[in-house]
Amino acid sequence: MTKHDNSNSRNFLFAFFVARRYLFSKKSHNVINIISAISAAGVAVVTAALICVLSVFNGFENLVGMLYSAFDPDLKITPAAGKHFEITTPEIQKVIHFQEIKNFSETVQDNALLRYGDKQMPAIVKGVSPRFEAMTRIDSIMFDGNFSLYDGAFDNAVVGYGVAGALGVNPYFFTPLNIYAPKRSERINMLRPDKSLTDIKTFVSGIFAVQQAQYDENYVIVSLDIARTLFEMDSTTVSAIEIQLQPNSNIDKVKSQIKNTLGENFVVQNQMEQQESFFKILNMERWFAFAILCFILLISSFNLFGSLSMLIIEKKEDTNTLKSLGADDALVRYIFMFEGWLISSVGLIIGVIVGILLCLLQQHFGLIRMGEGYIVDFLPVVLHSKDIIFTVSMVIIIGFTVSFFTAKFAKNVKKDNSL
């Protein structure tokens, strides 16, 4: 270590020691202590708010992810172009025999028209194989009835909560649900348009509720055979392959392997990518809220600017004395820069502790209730260490920047005790 490095180290230590004394010593003007306390309190409040807000967004993301996971598979394979593909190709057969795959279900999905009594509405009809129930948590989101697509005598359908409300269907009614889809092999007969439609009759066995409008208000689940009959597809044609992985499998790794095997003609999506638009909006809201709180932190840092500026004025005699003893402008700047850091650090430490405590209390005791009509009783909160690290980093950066530029003001203190 060079002589210059040793000198810098001593300067830093001396500047830190003086700054610590200034922070806790009594000032001649009590307002400086008050402004310093307000500065630290402002940093603490915003820090705690940042941790809590990010944790709430994590909670909602986990909650919605759990709701979607009851319906969406771990991985989903769809064609890059068109609506359907053949499952007999060597590439597809190789994929479905991967060791990491626990189960899979072929699905056929398209738009159709529903009619129940004198009510009708468009919907998305999804045909699934018998393995679908075993590889999803569909039972956990059943609102009424049960998940049964064939009872040994009749074909059944399971409809979304919104679809059931729009049509007035009930699992305990004996009126069949009519499902219509255009015939692919025929042109529409303008005189008898009904002759150009395939008509399937099913009974409603259950109603599911994902608590997401895109599913609850649009989807009807039927058996794979019924869907193929409705949309005139053969037994080797599917709209997608839904995959359940073995426990503890690396989803990203398996997804990459499947993508490499299938090539560019197929799209492979994990659960988050299947709901990409929703999670993008949620992520945008998260960082928009974070940006607003960081801006509030920046505004509150003006208290720190005022506190340091007044401290510099009050300690001008000490500063002149240090300069008379040989201290340079850099050492004086270090003292007041460390002073700003210490004020920010006190607020940061208090804010982190308060933010973590509030999140843990909400997680374990549910201090804030959501009220009636919500999916959960309490505000969901999930604390992530990366959010704490990111928050601490932002507070340190802002505190450092304000302290650095404010400390430059100290070099304007003259030896004749005037500014």
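Student: Account for the packing of aromatic side chains, with residues named and values stated.
Tutor: Given two aromatic rings, one states the distance between the centres and the angle between the planes to describe the pair. Applying the stated criterion to the full structure yields 16 aromatic pairs. Where Tyr68 meets Phe278, the ring centres are 5.9 Å apart and the plane angle is 75°; that geometry is what we call edge-to-face. Here Tyr68 is found in helix α2 (residues 30-69), whereas its partner Phe278 is found in helix α10 (residues 276-314), with 210 residues between them in sequence. Under the relative-accessibility criterion, Tyr68 is labelled buried at 3%. Take Phe278: its relative accessible area is 25%, and that puts it in the partly exposed class. Between Phe154 and Phe203, the aromatic rings sit 5.2 Å apart at their centres with planes inclined by 70°, giving edge-to-face as the arrangement. Of this pair, Phe154 sits in the loop between β5 (142-145) and β6 (156-160) while Phe203 sits in strand β8 (residues 197-208); the two residues are 49 residues apart in sequence, bridging distant segments of the chain. Here Phe154 falls in the partly exposed class, since its relative accessible area comes to 46%.

Student: Explain the pattern of salt bridges to me, using residue names and the numbers behind them.
Tutor: Under the counting rule described, the total for this entry stands at 7 salt bridges. When the shortest N-O distance is used, the salt bridge between Lys255 and Glu273 registers 2.5 Å. Of this pair, Lys255 sits in helix α8 (residues 251-262) while Glu273 sits in helix α9 (residues 271-274), and the two are 18 residues apart along the sequence. According to the relative accessible area criterion, Lys255 is buried, its value standing at 18%.

Student: A description of α8 should follow, citing residues and the corresponding values.
Tutor: When the terminal C-alpha atoms of α8 are compared, their 16 Å separation across 12 residues agrees well with the 16 Å that a helix rising 1.5 Å per residue should span. All buried positions along α8 are accounted for by Val254, Lys255, Ile258 and Leu262. Seen end-on, α8 carries its buried residues on one side only, within an arc spanning 100°. Those residues of α8 that are exposed and aimed more than 90 degrees away from the buried face are Asp252, Lys253 and Asn260. On the buried face of α8, the contacting elements are β1 (75-79), α3 (90-95), β11 (240-245), β12 (266-270) and α9. A side-chain oxygen of the first residue of α8 lies 3.2 Å from the backbone nitrogen of Asp252; this N-cap is Asn250. A positive backbone phi angle near 85° is found at Gly263, which sits one or two residues after α8.

Student: Give me the lowdown on the environment of Pro130, citing residues and values where you can.
Tutor: Among the secondary structure elements, Pro130 is positioned in the loop between β4 (119-128) and α4 (132-135). In this structure, the C-alpha to C-alpha distance between Pro130 and Ser105, residues 25 residues apart in sequence, is 7.8 Å.

Student: Before we move on, can you summarise the pairing of β11 with the specific residues and values?
Tutor: Most of β11 is tucked away: 6 of the 6 residues are buried. Judged by which residues are buried, β11 turns out to be covered on both faces: Ala240, Glu242 and Gln244 on one side and Ile241, Ile243 and Leu245 on the other are all buried. Here β1 pairs with β11 via 3 bridges, running antiparallel. Pairing of Leu75 across the sheet is with Ile243, part of β11. Relative to β11, strand β3 (residues 101-116) runs antiparallel, the two sharing 6 bridges.

Cut-offs applied
- Residues numbered from 1 in each chain as written.
- Predicted model: local features only at pLDDT ≥ 70, side-chain atom pairs only at ≥ 80, totals over all residues.
- Heavy atoms only, no water.
- Phe/Tyr/Trp six-rings, centres within 6.5 Å; stacked < 30°, edge-to-face > 60°.
- Helix = DSSP H or I, 4+ residues; strand = E, 2+ residues; numbered from the N terminus.
- Buried < 20%, exposed > 50% of the residue type's maximum accessible area, 1.4 Å probe, protein only.
- Salt bridge = Lys/Arg side-chain N within 4 Å of Asp/Glu carboxyl O.
- Expected span 1.5 Å × (residues − 1).
- Arc of directions from axis to C-beta.
- Contact = heavy atoms within 4.5 Å.
- Polar contact = N/O pair within 3.5 Å; in protein donor to acceptor, adjacent residues only side chain to side chain.
- Pairing = 2+ DSSP bridges.

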